[in-house]
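Structural characterization, general
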Amino acid sequence: MKERLSNIEALRLLSMFTIVFYHLTDKAFEIHNDSVALGVFFNITHWGVPVFILISGYFFVRLTAKKLFSFYVQCVLWLFLSYFGSVALGFSDFSGSTLFCCLFPFSCTNLWLIKYYFFLMLLSPIINKGIEQLDVKTLYIINGTLLCSVLYFSLVWNMDVIAAGKSIYYFMVIYMTGASIRRLVELKIIDKIQMSRALEAGGDSCDGYSCNNHSTTPLSKITKRFMLVLCQPFVDG
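The structure contained in this document is the topic of the report that follows.

Definitions and cut-offs
Residues numbered from 1 in each chain as written. Predicted model: local features only at pLDDT ≥ 70, side-chain atom pairs only at ≥ 80, totals over all residues. Heavy atoms only, no water. Helix = DSSP H or I, 4+ residues; strand = E, 2+ residues; numbered from the N terminus. Core = buried A, V, L, I, M, F, W, Y, C linked by side-chain atoms within 4.5 Å. Buried < 20%, exposed > 50% of the residue type's maximum accessible area, 1.4 Å probe, protein only. Axes fitted to C-alpha atoms, helices over the stretch in contact; angles between N-to-C directions. Parallel < 35°, antiparallel > 145°, perpendicular 65-115°, else oblique. Left-handed = near helix turned anticlockwise from the far one by under 90°. Contact = heavy atoms within 4.5 Å. Nonpolar A, V, L, I, M, F, W, Y, C, P; charged D, E, K, R; others polar. Phe/Tyr/Trp six-rings, centres within 6.5 Å; stacked < 30°, edge-to-face > 60°. Expected span 1.5 Å × (residues − 1). Arc of directions from axis to C-beta. Polar contact = N/O pair within 3.5 Å; in protein donor to acceptor, adjacent residues only side chain to side chain. Salt bridge = Lys/Arg side-chain N within 4 Å of Asp/Glu carboxyl O.

1. Notes on unusual backbone geometry
The general pattern is negative phi for most residues beyond glycine and trans for most peptide bonds. At F60, a residue that is not glycine, the phi angle is positive and equals roughly 70°. Within the fold, F60 resides in the loop between α3 (48-59) and α4 (65-88).

2. Some words on the nonpolar core
Burial of nonpolar side chains together is a common tendency in soluble globular proteins. In this structure, I53, F71, Y117, L120, I131, F171 and Y175 are the most contacted members of the largest nonpolar core, which totals 27 residues. Contributing elements (two or more residues each) for this core: α3, α4, α6 (112-133), α7 (136-156) and α9 (168-200). The element contributing the most residues to this core is α6, with nine residues.

3. Some words on the packing of α3 against α6
Closest axis-to-axis distance for the α3/α6 pair is 12 Å, and the angle between their directions is 15°. On the basis of their axis angle, the class for α3 and α6 is roughly parallel. Note on packing geometry: the crossing formed by α3 with α6 is right-handed. Here α3 contributes V49, F52, I53 and S56 to the contact with α6, which in turn contributes W112, L113, Y117 and L120. Residues of the contact of α3 with α6, tallied by class, amount to seven nonpolar, one polar and no charged.

4. As for the side chain of S180
With respect to the helices, strands and loops of the structure, S180 is situated in helix α9. Judged by its relative accessible area of 4%, S180 is buried. Among all residues touching S180, those that are not within four sequence positions of it are L139, Y140 and N143.

5. A few points about the packing of aromatic side chains
The final tally for this structure, using the stated rule, is 16 aromatic pairs. Residues F71 and Y117 carry aromatic rings whose centres are separated by 5.6 Å and whose planes lie at 50° to one another, so their mutual orientation is tilted. Highlighted residues: F71 in helix α4 and Y117 in helix α6, separated in sequence by 46 residues. Residue classification places F71 among the buried positions, given a relative accessible area of 14%. For Y117, a relative accessible area of 9% puts it in the buried group.

6. Some words on α7
Note that an α-helix has 3.6 residues per turn; residues three or four places apart therefore point the same way. With 21 residues, α7 should reach 30 Å at 1.5 Å per residue; the first-to-last C-alpha distance of 29 Å fits that figure. Of the residues making up α7, those classed as buried are L139, N143, S149, V150 and S154. Along α7, the residues classed as buried sweep out an arc of 120° about the axis, all on the same side. Turned more than 90 degrees from where α7 packs its buried face, K137, I141, T145, C148, L155 and V156 sit exposed. Of the residues flanking the start of α7, the one acting as N-cap is D135, its side-chain oxygen 3.2 Å from the backbone nitrogen of K137.

7. Some thoughts on the environment of R12
Mapping R12 onto the fold places it in helix α1 (residues 2-31). Using a relative accessible area of 18% as the deciding quantity, one classes R12 as buried. For the pair R12 and V49, spaced 37 residues apart in sequence, the C-alpha separation works out to 9.7 Å. Ignoring sequence-local partners within four residues, the contact set of R12 consists of F52, I55, S56 and F59.

8. Observations regarding the environment of S167
With respect to the helices and strands, S167 occurs in the loop between α8 (160-163) and α9. Considering only alpha carbons, one finds S167 and Y117, 50 residues apart in sequence, at a separation of 9.7 Å.

9. Brief notes about the pattern of salt bridges
Going through the model one piece at a time under the given rule, you end up with two salt bridges. When the shortest N-O distance is used, the salt bridge between E132 and R62 registers 3.7 Å. Placement of the pair is E132 in helix α6 and R62 in the loop between α3 and α4, with a sequence separation of 70 residues. Among the residues examined, E132 registers a relative accessible area of 44% and is labelled partly exposed. Two residues, R182 and E186, come together in a salt bridge whose shortest N-O distance is 3.3 Å. With R182 and E186 both in helix α9 and four residues apart, the pair spans about one turn of that helix. Judged by its relative accessible area of 33%, E186 is partly exposed.

Next comes the structure, spelled out in structure tokens:
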């Protein structure tokens, strides 16, 4: 289980790098727009933002003053580094007002990702509470409806606010989708734990699986042992 979670964390780290590469290739693609390889890589990096938000929803954003301040400091440092790097490479001219705006990353910049993720962090206690109060069926119905609305407005109406993810609505829907996936995974784990406990008890009942298997044949013992091996990682996690 820990290995599975570390793999998801690795995916979140990869999505963060794709977001950075997106902004790097954005400038390069404007200069070398005839490069097929660069164009393919540029389009792949578009998936960085939704994947990052999806994983954030999977783990839930637990808002604290320390996390909020840490996020602010990271954004400011990133803006300073990227701005000075842009000036050094000749993409931008030095400006004191622009440098001052780096101190206000959520209002004075056009970096919509950090702005809307900041709003998502502020709303996360309310969103988390609502998700936890909903039963699984209702959560999937609401989440499915919201996802359909995102697809409709992005594909049919081609709204840049939705299609490009430049809205708190988009962030909230993808965040809720990640939380819905987590609920599904938790249900699967609970089912497998219940099955493993039933098999350990001798197979007299399967806690909702209606198997009532009293057989003690060698084949049934092998099957039980095989199921226990499959369930053990979830039990240990």
